Amino acid sequence: MDSNMLMNPFAGQNIGYFRLAVVGDSGVGKTSFARQFTETLPEVLSHDWEPTKDDDDDDDYTRTEALIEKFSSTMMEIPWDNMDADDEVPARNLVFVDTPGYGSVVDAQSNFDMFMRYIGQTFDEKNKKISPFTEVSNNELMRSLVTGVGAHKFIDVCFYLIVHRLKPIDVEYMRLISEKANVVPIICKVDTQSEQEVIDLKVHILKTLKEQGVSIYTFRIDYDRLINMAESGQAGGPPFAVSNVPTKPVSDDKNDQISFKPAANELPMLRKMVLETQITNIRQFTVKKFINWRGKHLNQQQQQPVQQVYYQPPTQHQYQQVIR
């Protein structure tokens, strides 16, 4: 029997509207990661992405120059602009925001600012739709926004891709993003790293983020437990190890064999945790970030004239200190 026949017929509807983003340095495989995350997802009915290249070139060498929203559909729906229609259309409910790498330009801060303005504007747009003349409690906001029916356009999960080493600029970027989105660090290209190298990098990332006070999405596991899991080689929490290439069959040719055992690809586990077991909790954390931002925004409005500020970039001096 076809494995798809055994799939939960409501699995796609359970995912609902969900927005993801992938960020990181240039050449780490952000576009490849986004494709792998969605294209091998059995619940996906259709993709609204550009066609895959037919040649063997790596996606990493096709630079993403601007923010690009890429849509996939895990469910069908009647068009909102034509409720009398009989035919359902793909909902385009699973959105992946692909971003330029910070190493693709001389001034990396410009790419930082572009993404931070994007997620800041999603908060501001939703806040404008909440009547300023009606007092709305945080509980009411939680109940109305923690849904899968497209009540907002916030980024629910931001995957931050890291390869081979964690840089100071990675730490600062994750700190900034974590104020408005659930950051999940990903160690990519693990097919080029040994198991021990990945374990060591996981431990280093977690200890550094804990020491620096960066609030990533931990999947309801505290930092100390995550560090213990990483040290023992136990999967199940961030940072997740993901291979950017499909698993290849073992070759009998000694020239094709690598000299080390690569780390396991945790993409299937990551996808299950994000889109199934943790999806409600993720949505709750996303809305909490909006509520916290809105509270600060309202306080600023009461204390000074209205001024739209989505994101305050660091000064050039501060930025150069981070780069170093």
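Note that the structure is a prediction, hence the values are computed from the model and not measured.

A.B. asks: Tell me about the confidence of the model for the chain, and name the residues and values.
C.D. replies: Confidence in the prediction for the chain averages 82 pLDDT; 76% of positions are at 70 or higher. Overall, residues 1-7 carries pLDDT values under 50, and its contacts beyond four positions in sequence, including any with other chains, amount to 4 contacts. Low pLDDT, under 50, characterises residues 54-61; the predicted model gives this stretch 12 contacts beyond four residues in sequence or across chains.

A.B. asks: Go over the pairing of strand β7 (residues 157-162), please, and point to the residues and values.
C.D. replies: Burial analysis of β7 places 6 of its 6 residues in the buried class, which makes it a mostly covered element. Alternating positions in β7 separate into two faces, V157, F159 and L161 on one and C158, Y160 and I162 on the other, with burial throughout. Two strands pair when backbone bridges link them, and strand β1 (residues 18-24) and β7 are joined in this way by 5 bridges, in the parallel orientation. Bridging from a neighbouring strand, G24 pairs with L161 of β7.

A.B. asks: Lay out helix α4 (residues 138-145) in plain terms, naming residues and giving numbers.
C.D. replies: Listed as buried for α4 are L141, M142 and L145. For α4, the buried positions fall inside an angular range of 100° around the axis, keeping them on one side. Of the residues in α4, the exposed ones pointing more than 90 degrees away from the buried face are N139 and R143.

A.B. asks: A description of the packing of aromatic side chains should follow, citing residues and the corresponding values.
C.D. replies: By the definition in use, this model includes 17 aromatic pairs. With a centroid separation of 5.7 Å and 80° between ring planes, the pair formed by F37 and F96 is classed as edge-to-face. Within this pair, whereas F37 is found in helix α2 (residues 30-39), its partner F96 is found in strand β6 (residues 94-98), the two being separated by 59 residues in sequence. Residue F37 is classed as buried on the basis of its relative accessible area, which comes to 0%. Look at Y217 and F219: their rings are 4.7 Å apart centre to centre, the planes differ by 65°, and that puts the pair in the edge-to-face class.

A.B. asks: Summarise the sheet that holds strand β2 (residues 46-48); cite the residues concerned and give the values.
C.D. replies: Within a beta sheet, neighbouring strands are joined by backbone hydrogen bonds and run either parallel or antiparallel to one another. Taken in spatial order, the 7 strands make up an open sheet running β2-β3-β6-β1-β7-β8-β9, and their pairing is mixed. Looking at strand neighbours, the two that pair on one side only are β2 and β9 (240-242), the edges of this open sheet. Along the sheet, successive strands turn relative to each other by an average axial angle of 25°, direction set aside. Lying on the sheet, helix α5 (residues 168-177) is in contact with β1, β7 and β8 (182-188); it crosses β7 at an angle near 180°. The strands touched by helix α6 (residues 195-212) are β7, β8 and β9; relative to β8, the strand with the most contacts, the crossing angle is about 155°.

A.B. asks: Before we move on, could you go through the environment of Q121 and cite the residues and values that matter?
C.D. replies: Mapped onto the elements, Q121 comes out in helix α3 (residues 108-128). Using a relative accessible area of 30% as the deciding quantity, one classes Q121 as partly exposed. Between the alpha carbons of Q121 and F154 there is a distance of 9.1 Å; along the sequence they are 33 residues apart.

A.B. asks: Which residues make up the pattern of salt bridges, and what values do they have?
C.D. replies: Summed over all chains, the structure comprises 10 salt bridges. For the salt bridge of K207 with E231, the shortest nitrogen-to-oxygen distance reads 3.7 Å. Remark: E231 occurs in helix α7 (residues 223-231) and K207 occurs in helix α6; sequence separation between them is 24 residues. Assessed through its relative accessible area of 45%, E231 is described here as partly exposed.

A.B. asks: Break down the pairing of β8 for me, with residues and values.
C.D. replies: For β8, a buried count of 7 out of 7 residues is recorded, marking the element as mostly surrounded by other parts of the structure. Where β7 meets β8, 6 bridges bridge the pair, whose relative direction is parallel. When the bridges of β8 are listed, L161 appears paired with I186.

A.B. asks: Outline the side chain of H297, listing residues and values.
C.D. replies: Summarising the element assignment, H297 is placed in helix α9 (residues 279-303). Overall, H297 belongs to the buried group, its relative accessible area being 8%. Not counting residues within four places of it along the chain, the set of residues in contact with H297 comprises D124 and N127.

A.B. asks: Account for the nonpolar core, with residues named and values stated.
C.D. replies: If you look at the biggest cluster of nonpolar residues, it comprises 39 residues, and the most contacted ones within it are F115, I155, C158, Y160, M174, I177 and L209. Of all the secondary structure elements, the ones that give two or more residues to this core are β1, α3, β7, α5, β8, α6 and α7. The biggest single contributor to this core is α6, with 6 residues. Each residue touching I177, except ones within four places of it in the same chain, is listed here: V23, F115, M116, C158, Y160 and V183. Counting residues in each nonpolar core, the second largest holds 31 residues, with F96, F240, M273 and I282 among its members.

What counts as what
- Residues numbered from 1 in each chain as written.
- Predicted model: local features only at pLDDT ≥ 70, side-chain atom pairs only at ≥ 80, totals over all residues.
- Heavy atoms only, no water.
- pLDDT = per-residue confidence, 0-100.
- Contact = heavy atoms within 4.5 Å.
- Buried < 20%, exposed > 50% of the residue type's maximum accessible area, 1.4 Å probe, protein only.
- Helix = DSSP H or I, 4+ residues; strand = E, 2+ residues; numbered from the N terminus.
- Pairing = 2+ DSSP bridges.
- Arc of directions from axis to C-beta.
- Phe/Tyr/Trp six-rings, centres within 6.5 Å; stacked < 30°, edge-to-face > 60°.
- Axes fitted to C-alpha atoms, helices over the stretch in contact; angles between N-to-C directions.
- Salt bridge = Lys/Arg side-chain N within 4 Å of Asp/Glu carboxyl O.
- Core = buried A, V, L, I, M, F, W, Y, C linked by side-chain atoms within 4.5 Å.

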